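# Breakdown of the fold
So you can see what is in the structure, the chains are spelled out below.
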Amino acid sequence: MTAPLLQVQGLVKRFGGLTATDQATLDVRPGEIHALIGPNGAGKTTLIQQLSGVLAPDAGQIRFAGDDITALPMSQRVRRGLVRSFQITSIFRRLSVLDNLALAVPAGPGSGGFWRPARAERARYEAAAAVAERVGLGAQLHRLAGELAHGEQRQLELGLALATRPRLLLLDEPMAGMGADESERMVALLQSLRAELGMLLVEHDMDAVFRLADRISTLVAGRVIASGTPQQIREHPEVRRAYLGDELESGVSS
Ligand SMILES: Nc1ncnc2c1ncn2[C@@H]1O[C@H](COP(=O)(O)OP(=O)(O)OP(=O)(O)O)[C@@H](O)[C@H]1O
């Protein structure tokens, strides 16, 4: 089996007397879509914030591509390819789609010399246009980001993360606030990326989760109570009792 890209081992985060992350252990393999589900307040966002470097854990370890990154700041995690998208709105609304994406493309080697800036800028804009195409915004390059529909803004947010060339994307509720058509487009987009990079997906839309995920981990009160294939999670008695029973009854396709 391939070595995991992300390994979370015994992670703990306390807020005063509340243990929001309680000995959480899970891993994400290269190219895998791993969903993290659980009831409101289970600690999904808190876990993602520790993985992205927003919050420091009180105990435990985070390894990425074999290295211990538990104490690294967010910028260094991004440079290594561990990138968070969504829930933090990072779009410049008064800039075009293309300019937004160009700003997110990291400066490559050769962007510093005397004659080189023009060439580097061209390369940066070419990379930005390719990402726009990738996220379905190829026809919207010159529209202002603030004028895009909600679903398109989320596609742009995904593009901003992709522009940094991640190896693992942390996706915090990519379908939040979307209508059925927009969700469908996002599911197809995430499907199309699965060969290129790993994803840890936090999402309340169980239909999307069960269609996309290779594996699912269920978090309840900060603890990972089960990790497994969608089928294993669907049939897991504790998961059904703690969370999924209600969700399944409200219409998740099987
Ligand atoms: N900064 C904070 N200070 C104190 N308590 C916090 C803080 N952030 C989160 N919590 C608490 O930690 C617990 C986990 O919250 P978290 O937002 O991670 O859950 P979640 O699974 O993402 O929930 P939801 O699905 O509703 O987004 C909750 O009880 C929440 O109130």
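Fair warning: this is a prediction, and the values are worked out from it, not measured in the lab. (Residues numbered from 1 in each chain as written. Predicted model: local features only at pLDDT ≥ 70, side-chain atom pairs only at ≥ 80, totals over all residues. Heavy atoms only, no water.)

## Regarding the packing of helix α3 (residues 97–104) against helix α5 (residues 150–162)
Relative orientation of the contacting elements α3 and α5 amounts to 25°, with a least axis distance of 8 Å. Between α3 and α5, the angle is such that the two are roughly parallel. The element α3 and its partner α5 pack so that their crossing is right-handed. On α5, the residues that touch V97, N100, L101 and A104 of α3 are L156, G159 and L160. Across the contact of α3 with α5, the residue classes break down as 5 nonpolar, 2 polar and no charged. (Axes fitted to C-alpha atoms, helices over the stretch in contact; angles between N-to-C directions. Helix = DSSP H or I, 4+ residues; strand = E, 2+ residues; numbered from the N terminus. Parallel < 35°, antiparallel > 145°, perpendicular 65-115°, else oblique. Left-handed = near helix turned anticlockwise from the far one by under 90°. Contact = heavy atoms within 4.5 Å. Nonpolar A, V, L, I, M, F, W, Y, C, P; charged D, E, K, R; others polar.)

## Description of the site of the ligand
Not every one of the 13 residues close to the ligand is listed here, only the nearest: G41, G43, K44, T45 and T46. A distance of 2.7 Å is found between an oxygen atom of the ligand and a side-chain nitrogen or oxygen belonging to K44. T45 places a polar main-chain atom, nitrogen or oxygen, 2.8 Å from an oxygen atom of the ligand. Contact with the protein chains covers 59% of the free accessible surface of the ligand, which is 640 Å². Looking at the shell around the ligand, the elements that each hand over two or more residues are β2 (18–28) and α1 (44–52). With 3 residues, α1 is the single largest residue contributor to the shell around the ligand. Partitioning the shell around the ligand into residue classes produces 5 nonpolar, 6 polar and 2 charged. (Near = heavy atom within 4 Å. Polar contact = N/O pair within 3.5 Å; in protein donor to acceptor, adjacent residues only side chain to side chain. Areas by Shrake-Rupley, 256 points an atom, 1.4 Å probe, with all protein chains shown as cover.)

## Quick notes on the packing of α5 against helix α6 (residues 180–193)
Viewed as axis vectors pointing N to C, α5 and α6 meet at an angle of 20°, and their least axial separation amounts to 9 Å. One element, α5, and the other, α6, form an angle in the roughly parallel class. Crossing hand, α5 versus α6: right-handed. Contacts from H150, G151, R154, Q155, L158 and L162 of α5 reach α6 at E182, R185, M186, L189, L190 and L193.

## Some thoughts on the side chain of R84
As for its position among the elements, R84 is in strand β6 (residues 82–85). Every residue in contact with R84, bar those within four places of it in the chain, is listed here: I48, Q49, S52, V54, L170 and D172.

## Comments concerning the pairing of β2
The side chains of a regular strand alternate, first on one face of the sheet and then on the other. The sheet contact formed by strand β1 (residues 6–15) and β2 spans 8 bridges and is antiparallel. When the bridges of β2 are listed, F15 appears paired with L18. Here β1 hands over to β2 after 2 residues, with G16 in that stretch at a positive phi of 55°. (Pairing = 2+ DSSP bridges.)

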